[in-house]
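Remarks on the overall topology
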Amino acid sequence: MPNSCPVSNKARYLASIKNNTRFTPNISSNVDLNLVSDREYFSELGNALSFPNFSHIRSYMDTSYVDQGISLVGRLESYQTIDPALFGRLKPYRRLPQLNLNLDHTFKSIPASTGLESEYVYFQHDDGGLPDGHRLNVKPYVSFPLKTASAYVTPKMSLQYTQYLLNNQQVGVSDSISRVVPIGSIDSGLFFEKDLNIAGSSFLHTLEPRLFYLYIPKVNQNDIPIFDTSLYDFQFDSLFRENRFSGSDRVQDANQITAALTSRLVDSSSGLERLKVSVGDIIHFQDREVTAPDIRVITDFLESPIQTSTFSPIVGELSSQINKHVTVDTGMQWDPDINEIVRGKAYLHFVNEPGEIVNIGYLYRKNNLIKDSLDRALDDPALDPVLRDRFELYRANNTILRSNDIIQTDVSFRWPIYDNWFAVGRWQYSLLNNQTQEAFVGFEKENCCWRFRVIGRRYVNNITAASNPVPGRNVSTDSQTGIFFQIEFKGLTGLGEKLDDFFTQSIYGYQKKEY
């Protein structure tokens with residue numbers, strides 16, 4: 001370290017304590033405590049593979065009890081912010097504590113199910129200017145599933161009650177806020193199947209239409225702060241989701257119906273799903289006026305836009321198990337409101353024992369939330385002139401408008417070389433930024449008694465890369481490199497980074513062996 005570095009004469013460290021314990025078949029606990037000596041540790045001394053995010057280091061402890069019809073989890077969760085550019089709302093809230101109790105019961109004598117989803121959290125933040133406090137969320141529900149061999153209808157009714165007891169609220173805003181939102185839905189579907197003979201092979205062909213109706217009245221939630229809520233990314237499963245917001249700080253308003261169709265072609269002899277095609281769309285009968293100030297642009301948070309389109313993006317997915325070793329997974333979304341493709345993916349997977357793995361993929365995402373949120377803010381005649389000037393700069397910068405977009409290729413592999421030596425690697429390349437996002441290559445070897453793994457890794461550290469680029473800054477960012485190894489004596493202990501966990505997360509089809 002150079003002598004000019006202000007921390008060069010101080011001890012620097014990264015400390016972790018991890019433990020997983022199962023006391024009984026129903027009671028378990030997890031401990032994952034982490035501490036780093038200073039904010040510049042990762043940017044100057046490299047990284048640890050066990051941390052997926054270098055802006056914040058997460059530590060938590062939890063204990064859970066799970067049995068039929070009941071789940072109780074108690075958790076303490078805290079974050080140490082590492083990125084020196086993050087402050088205020090850019091830093092996450094601590095949960096000290098969080099308690100979740102979920103109950104469900106299905107009656108045998110009548111077609112009815114009841115349940116309860118509940119959560120208590122005390123949110124705490126370092127910034128005394130931000131609201132914090134208690135949130136209690138209780139959501140009882142009842143459903144009436146009616147099923148036959150070829151059809152089902154499930155009406156469901158819920159009532160979501162949320163109570164806040166807050167500190168540091170804005171002047172004129174109550175410290176005690178409550179919200180009650182009724183939720184009603186009807187999920188229905190049909191199942192048709194037919195035996196087919198194609199080119200001398202026997203197949204089972206299915207048609208599975210599905211309709212999902214959802215109604216939630218609009219409830220004013222503007223005085224409720226944002227602790228852990230954001231918009232979900234839109235996927236096929238989003239067509240059947242009750243709330244487009246994660247967390248409990250916002251409950252959407254909705255009057256909509258989803259129409260979807262899935263068709264499968266299953267090989268009768270092998271059971272392989274030779275072809276699966278799904279397509280779906282949401283038809284909205286009203287504007288979605290519940291919004292949240294959760295769209296981040298540099299250091300500002302903008303209100304999410306009111307959604308006025310009648311149709312959601314049309315979602316299509318196609319997958320195929322070509323044989324026992326090769327699968328294809330593709331998908332696309334077309335937004336009829338702007339007449340553009342906004343999502344796309346294509347992945348080819350080859351997985352063969354013992355450890356022959358090759359994955360090739362392409363991912364495309366166009367996200368207009370920043371643009372739409374800026375347009376909404378600039379349309380407000382009461383917008384502060386200083387903010388207006390800043391937002392106009394943002395709006396004119398195409399790099400900022402596309403900072404949530406993704407155009408990316410992804411290649412990964414594990415392949416035997418000689419005498420239980422395997423080569424492993426991955427290369428993620430951003431076509432949008434013309435830059436390698438992450439690349440690693442290495443080797444692993446194992447026998448009856450030990451395993452050895454080593455990789456060289458080059459990656460973009462999200463401390464040195466801005467989460468949203470500022471005007472005038474080149475989107476290309478500096479990369480960092482590191483060499484990591486692991487030696488493991490089977491049944492005993494290990495030394496070095498847990499590369500097997502890293503491979504499991506990074507290489508599709510890689511399986512960690514347990515001994």
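Residues numbered from 1 in each chain as written. Predicted model: local features only at pLDDT ≥ 70, side-chain atom pairs only at ≥ 80, totals over all residues. Heavy atoms only, no water.

Turning next to the pairing of strand 20 (residues 356-365). In the sheet, strand 19 (residues 340-352) pairs with strand 20 via 10 bridges, with the strands oriented antiparallel. Across the sheet, residue Val 351 finds its bridge partner in strand 20, namely Ile 357. For strand 20 and strand 21 (residues 406-418), the ladder comprises 9 bridges, and the chain directions are antiparallel. Note on strand 21: the bridge partner recorded for Asn 359 is Ser 412. (Pairing = 2+ DSSP bridges. Helix = DSSP H or I, 4+ residues; strand = E, 2+ residues; numbered from the N terminus.)

Looking now at the environment of Tyr 213. In this structure, Tyr 213 sits in strand 12 (residues 201-216). A relative accessible area of 29% places Tyr 213 in the partly exposed class. Ignoring anything within four residues of it in the chain, the contact list for Tyr 213 reads Gly 184, Ser 185, Ile 186, Asn 255, Gln 256, Ile 257 and Phe 285. Engagement of the side chain of Tyr 213 in a polar contact is seen with the side chain of Asn 255, the distance being 2.6 Å. (Buried < 20%, exposed > 50% of the residue type's maximum accessible area, 1.4 Å probe, protein only. Contact = heavy atoms within 4.5 Å. Polar contact = N/O pair within 3.5 Å; in protein donor to acceptor, adjacent residues only side chain to side chain.)

In total, this model carries 33 salt bridges according to the counting rule given. Residues Asp 249 and Arg 135 are paired through a salt bridge, measuring 2.8 Å at the closest nitrogen-oxygen approach. Residue Asp 249 is found in the loop between strand 12 and strand 13 (254-267), and its partner Arg 135 is found in strand 7 (residues 132-143); the two are separated by 114 residues along the sequence. When its relative accessible area of 0% is taken as the criterion, Arg 135 is described as buried. Its salt-bridge partner being Arg 210, residue Asp 187 comes within 2.7 Å of it at the nearest N-O pair. Residue Asp 187 is found in strand 10 (residues 176-190), and its partner Arg 210 is found in strand 12; the two are separated by 23 residues along the sequence. Arg 210 sits in the partly exposed class, given a relative accessible area of 27%. Ionic contacts of the salt-bridge type, sharing partners, join the residues Arg 58, Glu 77, Arg 95, Glu 119, Arg 135, Asp 228 and Asp 249 into one network. (Salt bridge = Lys/Arg side-chain N within 4 Å of Asp/Glu carboxyl O.)

Let us now look at the nonpolar core. In terms of nonpolar packing, the biggest core is built from 14 residues, with Ile 183, Leu 214, Ile 216, Phe 236, Leu 239 and Phe 240 touching the most fellow members. Among the elements that take part in this core, strand 12 stands out by supplying 3 residues, more than any other. When sequence neighbours within four positions are dropped, the list of residues in contact with Leu 239 reads Phe 212, Phe 234, Thr 258, Gly 280, Asp 281, Ile 282, Ser 312 and Val 315. (Core = buried A, V, L, I, M, F, W, Y, C linked by side-chain atoms within 4.5 Å.)

This paragraph deals with helix 3 (residues 385-396). Residues spaced three or four apart along an α-helix point in a common direction, a consequence of the helix completing one turn every 3.6 residues. Between the first and last C-alpha of helix 3 there are 17 Å, a value that for 12 residues agrees with the 16 Å anticipated at 1.5 Å per step. Its side-chain oxygen 2.9 Å from the backbone nitrogen of Val 386, Asp 384 forms the N-cap of helix 3. (Expected span 1.5 Å × (residues − 1).)

Now for the environment of Ser 37. With respect to the helices and strands, the residue Ser 37 is situated in the loop between strand 2 (27-36) and helix 1 (41-45). The sequence separation of Ser 37 and Ala 11 amounts to 26 residues, and the corresponding C-alpha distance is 7.8 Å. Setting aside residues no more than four positions away along its own chain, Ser 37 makes contact with Ala 11, Arg 12 and Tyr 13.

The next point concerns the packing of aromatic side chains. Counted by the stated rule, this structure contains 13 aromatic pairs. Ring geometry for Phe 212 against Phe 240: centres 6.2 Å apart, planes inclined by 70°, an arrangement best described as edge-to-face. Placement of the pair is Phe 212 in strand 12 and Phe 240 in the loop between strand 12 and strand 13, with a sequence separation of 28 residues. The same class applies to Phe 212 and to Phe 240, which are both buried. Look at Phe 350 and Trp 415: their rings are 6.2 Å apart centre to centre, the planes differ by 40°, and that puts the pair in the tilted class. Highlighted residues: Phe 350 in strand 19 and Trp 415 in strand 21, separated in sequence by 65 residues. The exposure class assigned to Phe 350 is partly exposed, which follows from its relative accessible area of 24%. One aromatic cluster is present, built from ring pairs that chain together Tyr 93, Phe 123, Tyr 164 and Phe 227. In this structure, Arg 210 is placed above the aromatic ring of Phe 240, and the distance from its NZ or CZ to the ring centre is 3.7 Å. It is Arg 241 that lies over the ring of Tyr 232; its NZ or CZ is 3.8 Å from the centre. (Phe/Tyr/Trp six-rings, centres within 6.5 Å; stacked < 30°, edge-to-face > 60°. Lys NZ or Arg CZ within 6 Å of the ring centre and 35° of its normal.)

Of all the positions in helix 5 (residues 499-506), only Leu 499, Asp 500, Phe 502, Phe 503 and Ser 506 are classed as buried. Down the axis of helix 5, the buried side of the element spans an arc of 160°, and every buried residue falls inside it. Of the surrounding secondary structure, the elements contacted by the buried residues of helix 5 are strand 21, strand 22 (421-430), strand 23 (435-446), strand 24 (450-460) and strand 25 (479-489). (Arc of directions from axis to C-beta.)

Turning our eyes to something else, we now look at the pairing of strand 2. Bridge count between strand 1 (residues 14-22) and strand 2: 9 bridges; the pairing is antiparallel. Along strand 2, the bridge assignment pairs Thr 21 with Ser 29. Hairpin connection of strand 1 to strand 2: 4 residues between the antiparallel strands. The pairing of strand 2 with strand 3 (residues 56-67) spans 6 bridges and is classified as antiparallel. Bridge pairing in strand 3 links Ser 28 to Ser 64.

Function cannot be read off these values alone, since they describe shape.
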